[in-house]
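Structural features, examined
Read off the chains here:
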Amino acid sequence: MRARARARAAAGAVAAWCVVAAAAAAAAAVSESFEEEAAFRRVRDASPRGGARGWEDLVTHVQFTVRWEQASAAGPAFAWEHFNLFPMQFGQTMDRFDVEELEMTFSKGRWRQRWGASPVPAAQGVEVWALLRAQDAPSADEAWRALAAALAGLSCASLDTIVDSRIARPRHTFGMPPLNTSETVTDETLFLQYGQLSSEASCTENLAPLLKLLPCRGNAGLAQVLVPTEIFRADHHAIRLHFRRVCDSRRGWSATCKTPGVELVLSVVLAHGRLAPAHAELATLAPMRTAVEECPLAAASRVFVEESFSNATTEMTCTPFLGPHATRMRELALRDLTPHDAVTKPVIPPQPLVRVTERFASGVGRTEGGVVTRLSTSSDFVDPIRLQYFEMVPAYLRVRPSSVRLEVNGVQVPAQDLWGPGAASVISLSSFYGSPTQLELTFDVAPGSSVLVSYAFEQAFLPLWDFPPDPNRGFDIPAAVASYSIPHQPGLCVQGVVADDLPLASPLLGRGTHGPVAGRRMREYAAPLLVSMPLPDFSMPYNVITLSSTVFAYLVGTTISILLQEVRVRPDPDEASQETWKRRKRMLKNLFFVALVGLAWMYENDRDTLQELLHHVAIPI
């Protein structure tokens, strides 16, 4: 008995050791992490009225990062199983449609130039683009339609309405990916699908499902700062969900990948304008002092506040040196908001290299028009940069290819340089009530330049069923996108810290506008437009239906009355015959009138049948 007990104890110890070893091996094979960060930046209102009253703007950036990596034992392919921190419903959707990278953004309000570069550049409304892996273009289109329907259910948005007439396939503008490198996709099995809904409104029902993707949801951590009433009453808000596959901590997939992984980033940016200094400081920090609790699943919870400092105590190697505008990011403890000893490197308030100064619709009337977009470049760089301008024009605006003009500093770029052999610019005309026109211009621009892009279009007369519920509001022209890569210039201080610095440990500072910028792909958006289309008299269908129904009711009613009318015979034959003749005479008159009305109706609506009917009596019509 004792021998058996010892054998069982030894077997139990061996089993326990195997379980512990398996758990340790699994822990070594799988690496998951969740980090949450928030950055607050105060911008002084430079307008005469705001400066006199001491108004300030508060820009808040909250970011949540979930990373899931697997060891080389799993092979180059990522195994979508045993979910822990990564949301299962989202991961299964990405696996089902073989999504390489995805970005979905909800935005409302205008981002003002005095706030610098937006940490989350976004178009008005909803913007979605996905990099899908498929065998061919039809398979990618089919996967996109199913993916849009799945995302619509996930985010409670009308993404399933992004059909073929609202889908574009830009080649160079997004650069793949837009936030990490300037390399473009050359894999023939990758297909980019892009769509916009300019009139889509964002509200609480869009934010709540996205917060449920986080490990602590909205119950703990910095997600408690995201109060819906504060978000949607801000002057500007942008909510972005970005997914990408990573390989050895870098973007993309490779057959030699040793550590495949996935990354999900949820970013929320708020901008409150014209606040008193006290409100600008406490508008978002005050709720954190009493309500925010640390998320136990978060590996790091960081809070950064941008502070100004004196030039005499800090050495800057940036070019240009902005002097009193230089700032630094100080990290605070989440529990008591006390400053840490470790302070990040000095930074320059982010300023974009390219700005969209204005965009407007031109033309008079509802038959022809045009769109004009003006851009300007900063003087903070030396060598010319390559700029991609992308615009998606709906099919109901028929763009004239000969009217596309590009001017740099008032000089028109020759068409040969834009569309000639070897040129990267592309224009794809729309089909009849089908896919939109895609205009993608690629050109080099020097620092301190002004750029003008314009084109003319003809407004199509749409069928009745293609009009929206409120056609008098106007028809949307989606926002235009200007994309460029930050040049590799030593000492460049735009968009964040010095361009040749190493990446910071913080995902927010490393991926956002305060991080290293050399080679990063940046985007600037122009505002969407509304154009008035030729509208028919919408009362005419009602009038036609009313008149046709009246004539048809009279015709049917008279016919039924004649067929069902009872014939009475009176005793007096003379009077009865006379009365019968009068009755028949009235019936013949009614039948003649009904036949005449019927022929008139057939002449207007079914002339072919009428011709066959009268062909036998040889009556030409």
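Residues numbered from 1 in each chain as written. Predicted model: local features only at pLDDT ≥ 70, side-chain atom pairs only at ≥ 80, totals over all residues. Heavy atoms only, no water.

Re the UniProt feature "transmembrane region" (unreviewed entry) in the chain
UniProt's entry tags residues 542-564 and 587-603 with the feature "transmembrane region" (unreviewed entry), counted in the numbering of this structure. In the segment residues 542-564, helix accounts for 100% and strand for 0%; the C-alpha atoms at its two ends are 32 Å apart. Taken as a whole, residues 587-603 contains 100% helix and 0% strand, while its terminal C-alpha atoms sit 24 Å from one another. (UniProt positions renumbered as here; feature names shortened; annotations may be inferred. Helix = DSSP H or I, 4+ residues; strand = E, 2+ residues; numbered from the N terminus.)

Brief notes about helix 4 (residues 137-155)
Its 19 residues place the ends of helix 4 26 Å apart at the C-alpha level, agreeing with the 27 Å of an ideal helix rising 1.5 Å per residue. Here helix 4 has its buried residues at Ala 140, Asp 141, Ala 143, Trp 144, Leu 147, Ala 148, Leu 151, Ala 152, Leu 154 and Ser 155. Where helix 4 is buried, its residues meet helix 3 (88-96), strand 3 (99-109), strand 4 (125-133), strand 5 (167-168), strand 6 (190-197) and helix 5 (204-211). Positive phi appears at Cys 156, one or two residues downstream of helix 4, with a value of about 60°. (Expected span 1.5 Å × (residues − 1). Buried < 20%, exposed > 50% of the residue type's maximum accessible area, 1.4 Å probe, protein only. Contact = heavy atoms within 4.5 Å.)

Examining the pattern of salt bridges
Scanning the entire structure with this criterion turns up 20 salt bridges. The partner of Glu 358 in a salt bridge is Arg 374, and the shortest N-O contact between them spans 2.7 Å. Here Glu 358 is found in strand 13 (residues 354-362), whereas its partner Arg 374 is found in strand 14 (residues 368-377), with 16 residues between them in sequence. Take Glu 358: its relative accessible area is 36%, and that puts it in the partly exposed class. With relative accessibility at 34%, the residue Arg 374 sits in the partly exposed group. Beyond isolated ion pairs, a larger network of salt bridges with shared partners links Arg 67, Glu 69, Arg 244 and Glu 263. (Salt bridge = Lys/Arg side-chain N within 4 Å of Asp/Glu carboxyl O.)

Section: the packing of helix 3 against helix 4
At a minimum axis distance of 11 Å, the contact between helix 3 and helix 4 shows a crossing angle of 170°. On the basis of the axis angle, helix 3 is roughly antiparallel to helix 4. For the pair formed by helix 3 and helix 4, the contact residues are Gln 89, Phe 90, Thr 93 and Met 94 on the first element and Leu 147, Ala 150 and Leu 154 on the second. Along the lines of polarity and charge, the residues of the contact of helix 3 with helix 4 split into five nonpolar, two polar and no charged. (Axes fitted to C-alpha atoms, helices over the stretch in contact; angles between N-to-C directions. Parallel < 35°, antiparallel > 145°, perpendicular 65-115°, else oblique. Nonpolar A, V, L, I, M, F, W, Y, C, P; charged D, E, K, R; others polar.)

A short note on the side chain of Glu 103
Topologically, Glu 103 is positioned in strand 3. Judged by its relative accessible area of 1%, Glu 103 is buried.

Some remarks on the sheet that holds strand 20 (residues 437-445)
An order of 19-20-15-23-24 is seen for the five strands of this open sheet, with the pairing classed as antiparallel. Because the sheet does not close on itself, it has two edges, and the strands there are strand 19 (426-428) and strand 24 (521-525). This sheet shows a mean twist of 15° between the axes of neighbouring strands, independent of strand direction. Strand direction decides the pairing type here: strand 23 (residues 481-485) and strand 24, joined by five bridges, are antiparallel. Each residue of the ladder has a partner; that of Tyr 484, found in strand 24, is Met 522. (Pairing = 2+ DSSP bridges.)

Concerning the side chain of Asp 476
Position of Asp 476 relative to the elements: it lies in strand 22 (residues 475-477). A relative accessible area of 19% places Asp 476 in the buried class. Aside from chain neighbours lying at most four places away, what touches Asp 476 is Ser 198, Ser 199, Pro 394, Tyr 396, Leu 529 and Leu 530.

Observations concerning unusual backbone geometry
Here the phi dihedral of Cys 156 falls at roughly 60°; this positive angle occurs in a residue that is not glycine. Note that Cys 156 resides in the loop between helix 4 and strand 5. For Asn 409, which is not glycine, the phi dihedral falls at a positive 55°. Looking at the element boundaries, Asn 409 is found in the loop between strand 17 (405-408) and strand 18 (411-412).

Quick look at the state of the cysteines
The final tally for this structure, using the stated rule, is one disulfide. Here Cys 216 pairs with Cys 295 through a disulfide, and the sulfurs are 1.8 Å apart. In this structure, the disulfide formed by Cys 216 and Cys 295 twists by about 75° around the S-S bond and is classed as right-handed. Highlighted residues: Cys 216 in the loop between helix 5 and helix 6 (228-232) and Cys 295 in the loop between helix 8 (285-291) and strand 10 (300-308), separated in sequence by 79 residues. Considered together, Cys 216 and Cys 295 belong to a single accessibility category, that of buried residues. (Disulfide = S-S within 2.5 Å.)

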